[in-house]
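Letter by letter, the chains look like this.
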Amino acid sequence: MATAPNKKATQDVKLDSHDPEKVKARLLSKYPPKVARKRAKQIVVNRVDPDGKTPVISSNVRTVPGLMGQRGCCYAGCKGVVLGPTRDIINITHGPIGCGYYSWLTRRNQTDPDCTADGHNFMTYCFSTDMQDQEIIFGGEKKLKQAIQEAYDNFRPKAIAVFSTCPVGLIGDDVHAVCREMKAKLGINVFGFSCEGYKGVSQSAGHHIANNGIFKHVVGLDDTIGEGKYRINLLGEYNIGGDAFEIERLFERCGITMVSSYSGNSSIDAFANSHTADLNLIMCHRSINYVAEMMETKFGVPWVKVNFIGGAATAKSLRKIAQYFDEKELTDRVEAVIAAEMPAVEAACADVRPRTEGKRAMLFVGGSRAHHYQELFAELGMRTLSAGYEFGHRDDYEGRRVLPDIKVDADSRNIEELAITPDPERFNPRISDEKKAELEARGLQFGEYDGMMPEMPDGTMVIDDLSQYETDQLIKIFKPDLFCAGIKEKYTVQKHGIPLKQLHSYDYGGPYAGFKGAVNFYHEIDRMVSSRVWQYMRAPWQEHPELSATYAWE
Ligand code: SF4
C-alpha cells in the first residue's frame, strides 16, 4: 500500500542546504555494488503524501557482514529487554558466561521491590549455567536442571525463566522439556525461551519470542478482577531511569489503575492477571505489539498507541485514556492534572529554548525512541535531520497500514506466530462496536500506529540499521549539534566534537517520560548543546598560527 519513492518530489527538497539524494549517493559511494544496492533500500529520503503515505523502506533484514552496526541479538531482545525487567522472576541464562555477564544490570530498568508484599527483587543478580566444553560436547540439560534446583533452593522464587543462547540450539538441548520437568518437580512456574542469539536478524526476534512465551505460560493464569477504576496495562514501557514510575505517578493522580506493566518494575502475578484490564496502552510498539494483539483476540482487550515522551504528548495520551473510558469524573481529573503539571513544563521549555532553538539533531535508537524523542526536540525548537531504528520493521517506519504488504523473509521465518483464537469463556469485548465507532469518529484510533516517517518532514533522511561508516559520514557532512544513539556510538561521535545523548541508558539520568521527565530532558539537552567543552577540541596553536607548540606524543 505504501508508495514507491517519489524522486521528483525529493529533488527540490533541501536538508540543511544539502541535497539529501546527493548525501545518500555519497553514503553509498564507498560500498561494493552489492552492498550499495542493499543499503540503498534502507536509506530513504522521506516524503509524505497528503494521505500520510511515505516511501517504502527496507528494514528487519539481515545486517551486511562486516559493517559495524548498532544491533544486538535475539537473546538481548528476549531476556535483556522484555523479561529482564521483571523483578520477581529468576532469569537463568543457559549458555557460556558472556551473554549473562554483559547483560548484567547494563539496562537501567528500575524496580521497586516494596510494591509487593514478598519484596522479591532478583534484578541485581546475574544467573547463568556457565556452560563449559563438557556441556557443549555432552549436552547441558543436566547442568540446567541443577541450576534451576539451586536457584529454587536459595531464593524460593515464584517463577524461573530460562533463556537459550547461541550454542543451546546448536547442540540440541531441550530447555522446554527441562522446564516442564522442573515445573512439575518444584510446583512453581518454570518456562523457557528458545531465543538463541542467531535467530532473526536483531533484538526484534527476541521481543516476539518473549511475547509468545509470556502469553503462553503466564497471561490468563489469574482471573481475579482487582479493585480500582479505569483499569489499564502499560505495554512496552521498561522504566529506564524511572520513566514508568513517573507515568504511574500521573496515573495515580488521575485515578487510573495500572493492572500491569510490560515490563518495567513488573511482577509475574501482574502478568498473570493482566488480561482483566479494560485497555492496553502501547508505548514501544515494536517490542510488545504482539502481546497487545493476542490479548485483544483472546480476551477482547483493545489497545491504543500512546506516547509519554514530551509534555504535550503526555497530555494527549492522558486525554486518550479519558476519551476511551468516557466518564466525566476521569475527564475532569485528567484535565486538572494537566492544568496543574503543564505550567512547570512550559516554564522550563521557555527558559531553555533560546539556547536550543534552531539546533539540529540526529536520532538512531532501537525501535521506538528515534520517533518518540523527536517530539521533545520539537518542543525545544530543534530540528531532526535524520533518524532511524536499529531493528524497527516497516510498520514502525511507515505505519501499520503497510502490514499486509510486509513479506517475512528467510531470516525471520523461524520465529513462531502463535495461532490465537477467542477464549470460549473469557473473551469479553470491552466496548461495543457502536461505542468503538463513536470514539473513532471522535478521533480515537484503536489498534493503529502511524509510524515515524509520516511525522517527519519531507527531505529528512530515514536510515535503517545505520553503520558506523555512515555515522561518520553524516557527521562530517551535517555537523549536527546533537547525536542520539547508544554507548557503542557515544565516544566515536564525541571524538568528532559532537555531543552524543544516549537514549538507551539516558547517560545514567532520567526519568524523561511524563511532565517531570520532559523538564529533566530540557535541562539535559541544554547542558549538552551549550557545553563549552566542544570549543576546546583543537589546541590553541592549531587555532592561532602565531603560537607554536606540539603535543607531547607528536
Ligand atoms: S549473539 Fe549469542 S553469544 Fe552473543 S550475546 Fe547473543 S546469545 Fe550470547
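Residues numbered from 1 in each chain as written. Predicted model: local features only at pLDDT ≥ 70, side-chain atom pairs only at ≥ 80, totals over all residues. Heavy atoms only, no water.

Trainee: Give a description of the overall build of the protein that names residues and reports values.
Mentor: The helix and strand tally for the protein stands at 22 helices and 14 strands. For a compact globule of 554 residues, the expected C-alpha radius of gyration is about 24 Å, and the protein comes in at 24 Å, within 12% of that figure. The principal-axis extent of the C-alpha atoms belonging to the protein is close to 80 × 65 × 45 Å. The buried share of the protein, reckoned over its 554 residues, is 56%. Residue pairs in contact within the protein that sit at least 24 positions apart in sequence constitute 76% of those at least 6 positions apart. Surface accessibility of the protein: about 23600 Å² in total, with carbon and sulfur atoms responsible for 53%. (Helix = DSSP H or I, 4+ residues; strand = E, 2+ residues; numbered from the N terminus. Rg over C-alpha atoms; globule rule 2.2 N^0.38 Å. Buried < 20%, exposed > 50% of the residue type's maximum accessible area, 1.4 Å probe, protein only. Contact = heavy atoms within 4.5 Å. Areas by Shrake-Rupley, 256 points an atom, 1.4 Å probe, with all protein chains shown as cover.)

Trainee: Mind laying out the UniProt feature "domain: Nitrogenase/oxidoreductase component" (unreviewed entry) in the protein, listing which residues take part and the relevant values?
Mentor: Mapped onto the present numbering, the UniProt feature "domain: Nitrogenase/oxidoreductase component" (unreviewed entry) falls at residues 73-528. Strand forms 13% of residues 73-528 and helix 45%; the C-alpha atoms that close the span are 31 Å apart. (UniProt positions renumbered as here; feature names shortened; annotations may be inferred.)

Trainee: Outline the packing of aromatic side chains, listing residues and values.
Mentor: Scanning the model with the defined rule gives 24 aromatic pairs in all. Residues Tyr389 and Tyr397 carry aromatic rings whose centres are separated by 4.9 Å and whose planes lie at 55° to one another, so their mutual orientation is tilted. Aromatic rings pair up to connect Tyr373, Phe377, Tyr506, Tyr512 and Phe521 into one cluster. Between the NZ or CZ atom of Lys305 and the centre of the ring of Tyr449, over which it lies, the distance is 5.1 Å. Lying across the ring of Phe446, Lys436 places its NZ or CZ 5.2 Å from the centre. (Phe/Tyr/Trp six-rings, centres within 6.5 Å; stacked < 30°, edge-to-face > 60°. Lys NZ or Arg CZ within 6 Å of the ring centre and 35° of its normal.)

Trainee: So what's going on with the pairing of strand β6 (residues 231-237)? Which residues, and what values?
Mentor: With respect to burial, β6 is a largely interior element, 7 of its 7 residues being buried. Sheet topology places β6 next to strand β7 (residues 257-263); 6 bridges connect them, and they run parallel. In the strand pairing of β7, Ile232 is matched with Met258. Of the crossover connections in this fold, the one passing from β6 over helix α11 (residues 243-254) to the parallel β7 is right-handed. Bridge count between β6 and strand β8 (residues 279-282): 4 bridges; the pairing is parallel. Each bridged residue has a counterpart across the sheet, and for Leu234 the counterpart in β8 is Leu281. (Pairing = 2+ DSSP bridges. Right-handed = clockwise from strand over helix to strand, strands pointing away.)

Trainee: So, the nonpolar core: which residues are in play, and what are the values?
Mentor: Counting 68 residues, the largest nonpolar core has Phe251, Tyr373 and Phe377 as the members making the most contacts within it. It is helix α15 (residues 328-356) that contributes the most residues to this core, 9 residues altogether. With residues up to four places along the chain from it excluded, the contact list for Phe377 reads Ala361, Leu363, Met382, Leu482, Cys484, Phe521 and Ile525. Listed in part, the 39 residues of the second largest apolar core include Leu83, Ala161, Ile268 and Phe271. (Core = buried A, V, L, I, M, F, W, Y, C linked by side-chain atoms within 4.5 Å.)

Trainee: Run through the sheet that holds strand β14 (residues 500-502), naming residues and quoting values.
Mentor: A sheet is described by the order of its strands in space; here 6 strands give the open sequence β1-β12-β11-β10-β13-β14, paired in mixed fashion. The sheet terminates laterally at β1 (43-45) and β14, the two strands that pair on one side only. For this sheet, the mean inter-axis angle between neighbouring strands, taken without regard to orientation, is 20°. Examined bridge by bridge, strand β10 (residues 360-364) and strand β11 (residues 383-388) share 5 bridges and lie parallel to one another. Counterpart to Met362 in the pairing with β11 is Ser386. Sheet contacts for helix α3 (residues 33-42): β1 and β12 (461-463); angle to β1, the most-contacted strand, approximately 45°. (Axes fitted to C-alpha atoms, helices over the stretch in contact; angles between N-to-C directions.)

Trainee: Residues and numbers for the sheet that holds strand β3 (residues 127-128), please.
Mentor: Strand order across the open sheet formed by 4 strands is β3-β2-β4-β5, with parallel pairing between neighbours. For this open sheet the edge positions go to β3 and β5 (189-193), each flanked by a neighbour on one side alone. With 2 bridges connecting them, strand β2 (residues 89-94) and β3 associate as parallel partners. Bridge pairing in β3 places Thr93 opposite Ser128. Packing against the sheet, helix α7 (residues 141-155) makes contact with β2, β3, β4 (159-164) and β5, and its axis sits at approximately 155° to β2.

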